[in-house]
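Given next are the chains, with one letter for each unit.
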Amino acid sequence: MTCDDSFRSTATTHDEPESGITPGGTSGAFRDVLAKDHARRGKPPLHFADMDAGERIERAKALGMPKFRVKQLANHYYAHFDADASTFTDVPSSLRGDVQQAFFPTLITEVTRQVADDGQTVKTLWNLFDDAKIESVLMRYPNRTTLCISSQVGCGMGCPFCATGQLGLTRNMSAGEIVEQVRVSAAMMQRGEVAGGPGRLSNVVFMGMGEPMGNYKAIMSAVRQISAMPPEGFGISARNITVSTVGVVPGIRRLAQEGVPVRLAVSLHAPNNELRDELVPMNKRFDVDAVLDAAHDYYLASKRRVSIEYALMRGINDQEVHARQLANKLNHYGDNWAHVNPIPLNPIEGSKWTASKPEDEQRFLEILHNAGITATLRDTRGQDIDGACGQLAAKTINMTMPQRS
Ligand code: SF4
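Residues numbered from 1 in each chain as written. Predicted model: local features only at pLDDT ≥ 70, side-chain atom pairs only at ≥ 80, totals over all residues.

Student: What's the story with the site of the ligand in this structure? I'm lost.
Tutor: Close contacts around the ligand come from twelve residues, with Cys-155, Met-157, Cys-159, Cys-162 and Gly-165 the closest. Residue classes in the shell around the ligand are distributed as six nonpolar, five polar and one charged. (Near = placed C-beta within 6 Å. Nonpolar A, V, L, I, M, F, W, Y, C, P; charged D, E, K, R; others polar.)

Student: Whenever I open this one, helix α6 (residues 175–190) confuses me. Can you help?
Tutor: Residues three or four positions apart in an α-helix share a direction because the helix packs 3.6 residues into each turn. Between its first and last C-alpha atoms α6 spans 23 Å; for 16 residues at 1.5 Å apiece the expected length is 22 Å, and the two agree. α6 sits mainly inside the fold: 13 of its 16 residues count as buried. Phi for Gly-192, located one or two positions after α6, is positive at around 75 degrees. (Helix = DSSP H or I, 4+ residues; strand = E, 2+ residues; numbered from the N terminus. Expected span 1.5 Å × (residues − 1). Buried ≥ 20, exposed ≤ 12 C-beta atoms within 10 Å, placed from the backbone.)

Student: Quick question: what am I supposed to make of the packing of helix α8 (residues 249–258) against helix α10 (residues 288–302) here?
Tutor: Angle between the axes and distance between the axes: these two values describe a pair of packed helices. Between α8 and α10, the shortest axis-to-axis distance is 9 Å and the interhelical angle comes to 10 degrees. In terms of orientation, α8 lies roughly parallel with respect to α10. For the pair formed by α8 and α10, the contact residues are Val-249, Ile-252, Arg-253, Leu-255 and Ala-256 on the first element and Ala-290, Val-291, Ala-294, Ala-295, Asp-297, Tyr-298, Ala-301 and Ser-302 on the second. Its residues assigned to classes, the contact of α8 with α10 shows ten nonpolar, one polar and two charged. (Axes fitted to C-alpha atoms, helices over the stretch in contact; angles between N-to-C directions. Parallel < 35°, antiparallel > 145°, perpendicular 65-115°, else oblique. Contact = placed C-beta atoms within 7 Å.)

Student: Would you take a moment to explain the sheet that holds strand β12 (residues 306–312) for this structure?
Tutor: In sheet architecture, strand pairing relies on hydrogen bonds along the backbone and comes in two forms, parallel and antiparallel. Taken in spatial order, the ten strands of this open sheet run β3-β4-β5-β6-β9-β10-β11-β12-β13-β14, and their pairing is mixed. Because the sheet does not close on itself, it has two edges, and the strands there are β3 (109–116) and β14 (374–375). The pairing of strand β11 (residues 263–267) with β12 spans three bridges and is classified as parallel. Counterpart to Val-266 in the pairing with β12 is Ile-308. Against the sheet, α6 engages β5 (133–140), β6 (145–148) and β9 (203–206), with an angle of about 35 degrees to β5. (Pairing = 2+ DSSP bridges.)

Student: What am I meant to see in the UniProt feature "binding site: [4Fe-4S] cluster" (unreviewed entry) in the protein chain here?
Tutor: Cross-referencing UniProt, the feature "binding site: [4Fe-4S] cluster" (unreviewed entry) maps to Cys-155, Cys-159 and Cys-162 in the present numbering. Those residues in contact with Cys-155, other than ones at most four positions away along the chain, are Thr-164, Gly-165, Leu-169, Met-209, Gly-210 and Glu-211. In this fold, Cys-159 is placed in the loop between β7 (152–154) and α5 (163–167). If near-sequence neighbours (up to four positions away) are discounted, Cys-159 is found in contact with Gly-165, Leu-279 and Val-280. (UniProt positions renumbered as here; feature names shortened; annotations may be inferred.)

Student: For this particular structure, what's the right way to read the nonpolar core?
Tutor: Buried together is how nonpolar side chains tend to be arranged in soluble globular proteins. With 113 residues, the main nonpolar core has Ile-219, Leu-264 and Ala-295 as its most contacted residues. Residue assignment places this core across two domains, with domain 1 (5–44 + 107–400) and domain 2 (48–103) each supplying three or more. Setting aside anything within four residues of it in sequence, one finds Leu-264 in contact with Val-243, Ile-252, Leu-255, Ala-295, Tyr-298 and Val-306. (Core = buried A, V, L, I, M, F, W, Y, C linked by C-beta atoms within 7 Å. Domains from an automatic or database assignment.)

Student: What's the story with the confidence of the model for the protein chain in this structure? I'm lost.
Tutor: A low pLDDT means the predicted coordinates there should not be read in detail. Of the residues in the protein chain, 85% have a pLDDT of 70 or more, and the chain-wide mean is 87. Low pLDDT, under 50, characterises residues 1–19; the stretch is placed with 38 contacts to residues that sit more than four places away or in other chains. Of the regions scoring below 50 in pLDDT, residues 384–405 engages in 52 contacts with residues more than four places distant in sequence or in other chains. (pLDDT = per-residue confidence, 0-100.)

Student: What exactly am I supposed to notice about the UniProt feature "active site" (unreviewed entry) in the protein chain here?
Tutor: Mapped onto the present numbering, the UniProt feature "active site" (unreviewed entry) falls at Glu-135 and Cys-389. Classification of Glu-135 as buried rests on a count of 26 C-beta atoms within 10 Å.

Student: When you look at the environment of Gln-101 in this model, what are you seeing that I'm missing?
Tutor: As for its position among the elements, Gln-101 is in helix α4 (residues 93–103). Residues Gln-101 and Pro-45 lie 56 residues apart in sequence; the distance between their C-alpha atoms is 9.6 Å.

Below, the structure is given as structure tokens:
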């Protein structure tokens, strides 16, 4: 495959439908909960990571640059995590300013950075071109470094216990905005800005703000750019990428057909429809069985165990009966296809949804284990810096934006 061919496969289109409608299959679309400031906000500037091979060459031509320069730019961007054209010594100095403008406009600007876990967790709040805020979290472990990224500004799924859900959906992020979170974080690792010295970003999880399946084309473009080998992508194995969903079944089925072996994570949070209808509004569109059927089919197609995310909420979904129901639901398929990650909820201040008692967490885990289910209490990195999904952005945005009623 030539460099240009692979660029074609990583491209996204720029005529994405208006954000705010998540596919809902035959039963119709799911209407996202929209933020007050949801409106057409214009589009983020077009970036190298948004362009297909043809567009890159066209832009290069317009600047009077031959085609081979595009490959040089890709090498800077993907192999060296560099988007500062003023340092591109292989590009004529007279062109560097134009290259910067035409290919590498600034898409994300750091607002604040919070550090925890002795400097091994770094959470960054980013400002986008329209003053929207998103966040990413970099977590260094002894044998890997994982980046958690956002795919939408806010989220339209409306889960009542979640800080991001309270914001509603402002807009989808562009592929460039998603990929930039990875590029900047990989560069931070390379420069040794995370405690532990220089290192390599090895894993990416789409578990920050947003429902990735609600922005499918952009996240798939990002997945391809993250996983392709340099200079077509960052060279992070697709097996080290996790795409999460709250249960958008058409998205899970579409992902299964891509043939890209990413891990799927399903945020289940409840083992029965009565409870899940309350915790995860999307359940009214796709219920527990529909979501688990699709997730199990994904396992069969990808041969990758599916992660089942389960936020433990005190007295709500963390009792023995819930653990037994969950074990039965998963064992129904009978082939050790899932890995359950119960995680103590990091509560929104003042809400009725709060974290489980440690003894309930342990009992929940024990019941799953006794039923033969693989389950690990998920690490709660960064909890002391508002580590749950969406909370840092939620705090800052609430200070600067009109409140949702
Ligand atoms: S829990 Fe996930 S899907 Fe639900 S509102 Fe929060 S970010 Fe969206």
